[in-house]
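Chain by chain, the residues:
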Amino acid sequence: MTETKTAIITGSTSGIGLGIAEALTGAGYNVMLNGFGDAGEIEAIRAGLAKRTGTEVGYHGADMSEPEEIAALVDHTRSEFGRIDIVVPNAGIQVVSPVEDFPPEKWDLLMRINLFSVFHLTRLVFPEMKARKWGRIVCIASAHGLVASPYKSAYVAAKHGVIGFVKTVALEGATFGITANSICPGYVLTPLVEKQIPDTAKARGITEEEVKRDVLLAAQPTKEFVGVEQIGALAAFLCSDAASQMTGTALPVDGGWTAQ
Ligand code: NAD
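Worth saying up front: this structure is predicted, and the values here are computed from it rather than measured.

Draft legend 1. Structural context of the overall build of the protein chain. Along the backbone of the protein chain there are eight helices and seven strands. Over its C-alpha trace the protein chain gives a radius of gyration of 18 Å, about what one expects of a compact globule, namely 18 Å for 260 residues. Along the first, second and third principal axes, the C-alpha set of the protein chain runs to 55 × 40 × 35 Å. Here the protein chain, with 260 residues, has 50% of them falling under the buried criterion. Excluding contacts between residues fewer than 6 apart, the proportion of contacts in the protein chain whose partners are at least 24 apart in sequence is 74%.

Written as structure tokens, this is what we have:
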């Protein structure tokens, strides 16, 4: 078993998860990547991170909507690294639709990926964290875990749910050296946001440029997108011993959005 602490980061083949993988490997942790994408590109990401940082980096393609695949990810990480100290449930999708037209099967899928997977991953690693008396659960929620926007009913419900779940496991882990926190990003220009621009334009009857300016960045007083490296740096801090007394929090990184 390696002495180096190991992190599972779900949805880390792209966007925020990849930014967190950069930060955690940069801080010296071994990382198990997860997410979808082209096999060759994922292998290039995995090998590049390992080479740049001198840490061990693995990959498992578990689908976060399937509990048995989440279990397979955990088993694979244990067999590759021998331990799991940190989990970063980050995988997520967005579906934009007025509530009356919201396809029920898409509501269910979003809940399974964005909320239920956080429960499954946590329940599977909690006993090991308790036994070792150290653990870090860093969930990527959203400013939409704190406030709502129209046409995002499933996403807003799931992210509010994540924050409640994290508070609960923070209490359950408090005397075992386990911390659990939610990071609540505002808008980060990742593929997830880029993909929802056409749907938002359609739902609101405006152009895609207007969506960026008048819908997305309208919410952020700084008028700037949040950077993935900024989320990564906060995740790395929450994993450090300096953050051992921070638990049960929901931390906005949103350019002032939720201060309004
Ligand atoms: P992204 O689309 O760039 O990346 C999502 C990642 O999740 C990818 O690696 C993708 O392959 C993976 N993924 C999707 N479905 C999956 C599944 N079923 N199983 C396993 N992996 C799956 O998105 P992002 O913007 O980096 O989002 C990451 C997280 O951050 C999400 O939970 C999202 O809700 C949250 N978030 C994003 C923003 C933003 O503005 N981009 C803001 C707040 C919160």
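Draft legend 2. View of the nonpolar core. Among the nonpolar cores identified, the biggest contains 37 residues, and I8, M64, V87, I137 and V162 are the most heavily contacted of them. Secondary-structure elements contributing two or more residues to this core are α3 (67-81), α4 (104-132), β5 (135-140), α5 (153-173) and β6 (178-185). When neighbours within four sequence positions are excluded, V87 is seen to be in contact with I8, L121, V125, M129, R136, I137 and V138. Ranked by size, the runner-up nonpolar core spans 29 residues in total, among them L49, V88, I183 and I231.

Draft legend 3. Expanded view of the sheet that holds strand β3 (residues 57-60). Strands sit in the order β3-β2-β1-β4-β5-β6-β7 across an open sheet of seven strands; the sheet is parallel. Only two strands of the sheet have a single neighbouring strand rather than two, namely β3 and β7 (250-253). Looking at each pair of strands side by side, their axes are set apart by 20° on average, direction ignored. As defined by bridge partners, strand β1 (residues 6-9) adjoins strand β4 (residues 86-88) across three bridges and the pair is classed as parallel.

Draft legend 4. Structural context of the site of the ligand. In the vicinity of the ligand, 30 residues are found, and the nearest of them are S14, N90, Y155, V188 and T190. M64 has a polar backbone atom sitting 2.8 Å from a nitrogen atom of the ligand. A distance of 2.7 Å separates an oxygen atom of the ligand from a polar backbone atom of V188. Relative to its unbound accessible surface of 820 Å², the ligand loses 94% to contact with the protein. Broken down by secondary-structure element, the contributors of at least two residues to the shell around the ligand are α1 (15-26), α5 and α6 (191-204). Here the shell around the ligand takes three residues from α6, the largest share from any one element. Along the lines of polarity and charge, the residues of the shell around the ligand split into 16 nonpolar, 12 polar and two charged.

Draft legend 5. Examining the layout of surface pockets more closely. Its volume calculated, the largest pocket comes out at about 1000 Å³. If you go around the largest pocket, you meet 49 residues; those closest to its centre are G92, I93, Q94, L192 and K195. Only α1, α4, α5 and α6 provide two or more residues apiece to the lining of the largest pocket. Its residues assigned to classes, the lining of the largest pocket shows 23 nonpolar, 19 polar and seven charged.

Draft legend 6. Structural detail: the packing of aromatic side chains. Within the structure shown, the criterion is met by three aromatic pairs. Plain terms: the ring middles of F102 and W107 are 5.8 Å apart, the flat faces sit at 80° to each other, and that makes the pair edge-to-face. Between Y187 and W257, the aromatic rings sit 5.2 Å apart at their centres with planes inclined by 10°, giving stacked as the arrangement. Taken together, the residues span a long stretch of sequence, with Y187 in the loop between β6 and α6 and W257 in the segment after β7 at a distance of 70 residues. Residue Y187 shares its accessibility class with W257, and that shared class is buried. K5 extends its terminal NZ or CZ atom over the ring of W134, reaching a point 4.3 Å from the ring centre. One cation-aromatic arrangement involves K130 over F176; the distance from NZ or CZ to the ring centre is 4.9 Å.

Cut-offs used in this document
- Residues numbered from 1 in each chain as written.
- Predicted model: local features only at pLDDT ≥ 70, side-chain atom pairs only at ≥ 80, totals over all residues.
- Heavy atoms only, no water.
- Helix = DSSP H or I, 4+ residues; strand = E, 2+ residues; numbered from the N terminus.
- Rg over C-alpha atoms; globule rule 2.2 N^0.38 Å.
- Buried < 20%, exposed > 50% of the residue type's maximum accessible area, 1.4 Å probe, protein only.
- Contact = heavy atoms within 4.5 Å.
- Core = buried A, V, L, I, M, F, W, Y, C linked by side-chain atoms within 4.5 Å.
- Pairing = 2+ DSSP bridges.
- Axes fitted to C-alpha atoms, helices over the stretch in contact; angles between N-to-C directions.
- Near = heavy atom within 4 Å.
- Polar contact = N/O pair within 3.5 Å; in protein donor to acceptor, adjacent residues only side chain to side chain.
- Areas by Shrake-Rupley, 256 points an atom, 1.4 Å probe, with all protein chains shown as cover.
- Nonpolar A, V, L, I, M, F, W, Y, C, P; charged D, E, K, R; others polar.
- 1 Å grid on protein atoms, 1.4 Å probe; cavity = no way out; pocket = protein on both sides within 12 Å on 5 of 7 lines; lining within 4 Å.
- Points joined across faces, edges and corners; volume = space filled by probe spheres on them.
- Phe/Tyr/Trp six-rings, centres within 6.5 Å; stacked < 30°, edge-to-face > 60°.
- Lys NZ or Arg CZ within 6 Å of the ring centre and 35° of its normal.

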